[in-house]
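What follows is the residue order along each chain.
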Amino acid sequence: LNEKAIKRAGMDYWDDLDVTTYIDYEDFLEKNPAAREKMYMATTKAVHVYTEMNFEPDCYIMFGKESAGIPEEILVQHKENCIRIPMALRQNGFAGMNLEGHLHRLEW
């Protein structure tokens, strides 16, 4: 969180954030047990589009690194909670969008 690019990207919001860091995914789950049942994972590899889901008020949405995404070892365990969020296509009713997402190395 000390990298210059991260600070620049969020500089208008830092005062409003409550940032918590975790050692890894397991550490996060240990400290947030409700996330096991109420977490959605945003990935281009998902089968479901975010508009197909009913999000709970206290749910979690996980985003991976822009360069690599969420590790497939995590995604494959949560197929039904993986969602795609196609930004530009929303305005066009998702016309021409690939309606299926696929893992690269593993299979659902």
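Residues numbered from 1 in each chain as written. Predicted model: local features only at pLDDT ≥ 70, side-chain atom pairs only at ≥ 80, totals over all residues. Heavy atoms only, no water.

Enquirer: Which parts of the structure should I look at to understand the state of the cysteines?
Expert: Scanning the model with the defined rule gives zero disulfides in all. Cys 82 carries a free sulfur, and the closest cysteine sulfur to it, the one in Cys 59, is 14 Å from it. A relative accessible area of 0% means that Cys 82 is categorised as buried. (Disulfide = S-S within 2.5 Å. Buried < 20%, exposed > 50% of the residue type's maximum accessible area, 1.4 Å probe, protein only.)

Enquirer: Please clarify how the side chain of Thr 43 should be interpreted in this entry.
Expert: Tracing the sequence through the fold places Thr 43 in the loop between β1 (39-42) and β2 (48-49). Of the residues examined, Thr 43 reaches a relative accessible area of 8% and is grouped as buried. Here the side chain of Thr 43 touches Lys 45 through a polar contact of 3.1 Å, landing on its backbone nitrogen. In this view, Thr 43 contacts Leu 75, Cys 82, Ile 83 and Arg 84; residues no more than four positions away in its chain are not counted. (Helix = DSSP H or I, 4+ residues; strand = E, 2+ residues; numbered from the N terminus. Polar contact = N/O pair within 3.5 Å; in protein donor to acceptor, adjacent residues only side chain to side chain. Contact = heavy atoms within 4.5 Å.)

Enquirer: Can you help me understand the sheet that holds strand β3 (residues 60-63) in this one?
Expert: Within a beta sheet, neighbouring strands are joined by backbone hydrogen bonds and run either parallel or antiparallel to one another. Spatially, four strands are ordered β2-β4-β1-β3 in an open sheet, and the strand pairing comes out parallel. At either end of the open sheet lies a strand with only one pairing partner, and these are β2 and β3. Bridge analysis of β1 against β3 gives four bridges, and the strand direction is parallel. Following the sheet pairing, Met 41 is matched in β3 by Met 62. (Pairing = 2+ DSSP bridges.)

Enquirer: Before we go on, may I ask you to explain the nonpolar core in this structure?
Expert: Soluble globular proteins tend to bury their nonpolar side chains together. By size, the foremost hydrophobic cluster in this structure holds 13 residues, and its most contacted members are Tyr 25, Leu 29, Met 39, Met 41, Met 62, Ile 70 and Leu 75. When residues of this core are traced back to their parent elements, those giving at least two are α2 (25-31), β1 and α3 (72-75). Examining the composition of this core, we find that three residues originate from one element, α2, more than from any other. Setting aside residues up to four positions removed in sequence, Tyr 25 forms contacts with Met 39, Met 41, Met 62, Ile 74 and His 78. (Core = buried A, V, L, I, M, F, W, Y, C linked by side-chain atoms within 4.5 Å.)

Enquirer: What is the right way to look at the pairing of β1 in this model?
Expert: As a general feature of sheets, a regular strand has side chains that alternate between the two faces. Here β1 shows a buried face lined by Met 39 and Met 41 and a second buried face lined by Tyr 40 and Ala 42. In terms of strand pairing, β1 meets strand β4 (residues 82-84) through two bridges, oriented parallel. Across the sheet, Met 41 pairs through a bridge with Cys 82, a residue of β4.

Enquirer: Looking at this model, I keep getting lost on the packing of aromatic side chains. Mind explaining?
Expert: For any pair of aromatic rings, the description consists of the separation of the ring centres together with the inter-plane angle of the planes. Under the definition given, this model contains three aromatic pairs. When the ring of Phe 28 is compared with that of Tyr 60, the centres are 5.6 Å apart and the planes differ by 85°; the resulting orientation is edge-to-face. In this pair, Phe 28 sits in helix α2 while Tyr 60 sits in strand β3, placing the two residues 32 residues apart along the sequence. Residue Phe 28 is classed as buried on the basis of its relative accessible area of 14%. By relative accessible area, which is 26% here, Tyr 60 ends up partly exposed. Ring centres 4.8 Å apart and planes at 75° place the aromatic pair Tyr 40 and Phe 55 in the edge-to-face group. With a gap of 15 residues between them, Tyr 40 in strand β1 and Phe 55 in the loop between β2 and β3 connect regions that are remote in the sequence. (Phe/Tyr/Trp six-rings, centres within 6.5 Å; stacked < 30°, edge-to-face > 60°.)

Honestly, that's just the spatial picture; any functional story needs more than this.
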